[in-house]
Amino acid sequence: MKYAYKIRLVSGAVLLILFIAGITGLFLPLKIFDLQFGALAQRVFVDFSLAALAIFCVLILITALSGRFYCSLLCPLGLMQEFFALIIKKKNKKTADYPFKYFLAATAFGVLTGSSALLLRYLEPYTLFGSAFTLSAYGISALTVIFVLVFFKNRFFCTNICPVGAVLGLISKFSPYKIQINKDKCVSCGMCEKNCPSGCIDSKEKTLNNSTCIRCLKCLDICPKGGITLKKVQKEEVKFSPERRRVIIGTAAVIFFGAMVKTGHALKDKIAHKLKNIILPPGAVSEERFINKCYNCNLCVKNCPNKIIKKADENFNAVHIDYSNGFCKYDCNICSQICPAGAIKRISKEEKQKTRIAMAMINTEKCAQCGKCAIACPTHAIINEEGKPPVLNAQKCIGCGACKNACPSGAIEIYSIKEQKVI
């Protein structure tokens, strides 16, 4: 275990570079974003997916066996906090483990189970990371607050606020492989406590809270006596001992979760009513479905080749399509393939080419009868006869905006539809 921390740190740095490259559209690391816990939970529990279930089970199994390695390797926001703390050379003290985080997690995941990602959109670490790197006002503000927390409390967000961290911490409580302090070797020098980013070590008592430990493995590397190890503990050491306070908190959190499921159902309908006349990416299906599933991570925004997918703004509180300066490429389905939350369904190019996402309309009074719209239409939905205004065959139109983009006289407008359909 001598080099475990350095190996983990280098691996985390490589993954963070890939995450940043992917979220900013510089490079798309295939499937790397499918490992994000919150998005996976939605694809498993709300839109059941076997592939998502398999990945989700692997993450849960790793956590159940050896703790929160997800937080130190696969969470981009967690990795950002770690490297920021290294830059400012932050020293740490033991941090309290507040039960409030379990109610926050019960609220966020309860509402998600009730079919709305509204709360996770504002708390889920991957989403905050994506929002910040695509220059969303909320994302930048949230990242600033988290960095301030890192400066004063290091990984306080991960240990006491993050809903994903709360769930993983709860699972890791009972993992057989734990980080332990050998009380015979420990000289209480305090080096481990000063360098623990999650503040989970009490060097005087020679104890470590494995539920808040993010498995950075720094303590293993820094202990001068080699007195800290990650190993399988004896059965009697992991035996469940119900304390009255923990039982009350756990019971209350479960009841709270159930109440939040009902709240999620109620929010689902209310949120949908606020989103009208919006054109959505192919595979989004409907306004109601999309607004309740989109995490606003903006991965589709940054990776759209024609840059027609725009992030949420003051006019539309969701990711949407804007045909002002482009159109939806007929042979492209990138947004469908990279959405980790399933807000945009994964459809093939063939299905995408038959999916109506909007509807074109031709204003014959403005039309110059140049025929460019008919040439640009990939589905041959526009018929152009010499000397006559073009005619649109509505049954073939998929609303891709190619005709609008080609029209020199501004005679074509693209209108939203209530629900996307395969024609």
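Above this note sits the structure.
Given the structure is predicted, the values throughout are model-derived calculations rather than measurements.

## Considering the overall build of the chain
Along the chain, the regular secondary structure elements total 20 helices and 10 strands. Across its three principal directions, the C-alpha atoms of the chain cover 95 × 40 × 35 Å. Here the chain, with 423 residues, has 51% of them falling under the buried criterion. Counted over contacts in the chain with a minimum sequence separation of 6, partners at least 24 positions apart contribute 72%. Carbon and sulfur atoms make up 61% of the accessible area of the chain, which amounts to about 20500 Å² in all. When the 57 basic and 27 acidic side-chain charges of the chain are each reduced to a single mean position, those positions are 7 Å apart.

## Things to note about the packing of helix H5 (residues 76-88) against helix H8 (residues 125-133)
Relative to each other, H5 and H8 sit at 70°, their axes nearing to 7 Å. Between H5 and H8, the angle falls in the class roughly perpendicular. Here H5 contributes Pro-76, Leu-77 and Met-80 to the contact with H8, which in turn contributes Pro-125, Tyr-126, Leu-128, Phe-129 and Phe-133. Split by residue class, the contact of H5 with H8 holds eight nonpolar, no polar and no charged.

## Quick notes on the pattern of salt bridges
Applying the stated rule across the entire model yields nine salt bridges. The salt bridge involving Arg-43 is made with Asp-34; its shortest N-O contact spans 3.9 Å. Across this residue pair, the class does not change: Arg-43 and Asp-34 are buried. With its nearest N and O atoms 3.8 Å apart, the salt bridge here joins Arg-289 to Asp-47.

The rules behind each value
Residues numbered from 1 in each chain as written. Predicted model: local features only at pLDDT ≥ 70, side-chain atom pairs only at ≥ 80, totals over all residues. Heavy atoms only, no water. Helix = DSSP H or I, 4+ residues; strand = E, 2+ residues; numbered from the N terminus. Buried < 20%, exposed > 50% of the residue type's maximum accessible area, 1.4 Å probe, protein only. Contact = heavy atoms within 4.5 Å. Areas by Shrake-Rupley, 256 points an atom, 1.4 Å probe, with all protein chains shown as cover. Lys, Arg positive; Asp, Glu negative; His and termini not counted. Charge placed at Lys NZ, Arg CZ, Asp CG, Glu CD. Axes fitted to C-alpha atoms, helices over the stretch in contact; angles between N-to-C directions. Parallel < 35°, antiparallel > 145°, perpendicular 65-115°, else oblique. Nonpolar A, V, L, I, M, F, W, Y, C, P; charged D, E, K, R; others polar. Salt bridge = Lys/Arg side-chain N within 4 Å of Asp/Glu carboxyl O.

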